[in-house]
Amino acid sequence: MRPNSEVAPYSSVSTALGPVSVIIPLHRDTPGFRRCLSACLALDYASVEVIVVSDAAVALPQGVKLVLSGAGRDTGPGEKRDLGMHAAEGDYFAFIDDDAIPRADWLTQATQIFQDTTIGAVVGPGVTPPGSAWSERVGGAFYESRLGSGPYRYRFWPATRRDVDDYPAYNFVVRRSAAEYVKGWGTEFYGGEDTVICLALIEAGWRIVYDPSVVVYHQRRPVLRRHLAQVGNVGLHRGYFVKAYPQTSLRFSYFLPALGTAALAGLTLTALVSAPARAVLFATLAAYLLGGVTMGLAEKDAPSVALALPPIALASHVVYGVQFLRGLLTPRLHR
């Protein structure tokens, strides 16, 4: 795990701009959710209401608003966020996943950015929590590394401030007027649902600003099965979104894991019958593994994490690539 001191430093700034409704779409009542809830109740912002949206009744601390979906099924996070919006009273809606922990100054930092009235939403990195188990730190190293996330590393590790047009909803603060103007999330997609609202905001003329000071700590899925399942779900939806939302998903960078997987498969098959191809395959894999370890050490991962990063990244890219192609070929994806 990289030292926590490398995360953008905590600094409390000027007074609050308006009340904020923190909306947590709850999938299951877990220790991770309880940590999320405790941190939301300890935010240093002056006026906060906390709303939990669930498909089933759950015991909550006094002052936390519970909204039940009443759907009789597992609703998606976008559906829950819409229900939370309808029950919210704040001037801003702060969406966070039920396995993420906001830093104490999360809302203080985010709301200051809204002083620019062209900004409809503010987002920030979802960093691996300090003290995570090794199996989760390896998954976090994949997301936080250039080897794993390439040009999208800033989503998982603080980077320079920028405008974005597509961003995961584990750390997503939106102006109430902007959210209501685009009619909320409006989707049952379970994975990638944030693409829908981001595109709606951009097309309505709002800016979405990423700032490294707006930090949450996002629990990682442990390697290998759960991590790969999450990566595969992202790939499936992104592949489908290339057709459904080409404005922000038809990008070469999203195709790279699929192209790399196809190239690796072709080279592997050729290597079965060709000695030169075998030499190329072994040299390519060796360079990938060595480069990945070197990159992990340069990014200050623990040695054991840096050693595990290349094979985890390779498996992740292959799973993403296969699922991306599956999504690309799927006529209709309902969730």
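Okay, so let's go over this structure. (Residues numbered from 1 in each chain as written. Predicted model: local features only at pLDDT ≥ 70, side-chain atom pairs only at ≥ 80, totals over all residues. Heavy atoms only, no water.)

1. Digging into the overall build of the protein
Helices and strands together make up the secondary structure of the protein, namely 12 helices and 11 strands. For 335 residues, the compact-globule estimate of 2.2 N^0.38 gives 20 Å, and the C-alpha radius of gyration of the protein, at 20 Å, lies within 12% of that figure. With respect to the three principal axes, the spread of C-alpha positions in the protein is 70 × 45 × 40 Å. Burial statistics for the protein: of 335 residues in total, 53% are counted as buried. Sequence-distant contacts, at least 24 apart, represent 79% of the contacts inside the protein between residues at least 6 apart. Per element, the accessible surface of the protein, about 14,300 Å² overall, is 62% carbon and sulfur. The positive charge centre, built from 31 side chains, and the negative charge centre, built from 28, are 6 Å apart in the protein. (Helix = DSSP H or I, 4+ residues; strand = E, 2+ residues; numbered from the N terminus. Rg over C-alpha atoms; globule rule 2.2 N^0.38 Å. Buried < 20%, exposed > 50% of the residue type's maximum accessible area, 1.4 Å probe, protein only. Contact = heavy atoms within 4.5 Å. Areas by Shrake-Rupley, 256 points an atom, 1.4 Å probe, with all protein chains shown as cover. Lys, Arg positive; Asp, Glu negative; His and termini not counted. Charge placed at Lys NZ, Arg CZ, Asp CG, Glu CD.)

2. Details of the environment of S38
By the element assignment, S38 lies in helix α1 (residues 31–41). In this structure S38 comes out as partly exposed when scored by relative accessible area, which is 49%. For the pair S38 and P61, spaced 23 residues apart in sequence, the C-alpha separation works out to 9.2 Å.

3. Some remarks on the sheet that holds strand β3 (residues 65–68)
The strand order β3-β2-β1-β4-β9-β6-β10-β8 describes an open sheet built from eight strands, whose pairing is mixed. Looking at strand neighbours, the two that pair on one side only are β3 and β8 (162–164), the edges of this open sheet. Taken pair by pair, the neighbouring strands of this sheet meet at an average axis angle of 25 degrees, ignoring direction. Two strands pair when backbone bridges link them, and strand β1 (residues 20–25) and strand β4 (residues 92–96) are joined in this way by four bridges, in the parallel orientation. Looking at β4, one finds that V20 is bridged to Y92. (Pairing = 2+ DSSP bridges. Axes fitted to C-alpha atoms, helices over the stretch in contact; angles between N-to-C directions.)

Don't take any of this as a statement about function, it's just geometry.
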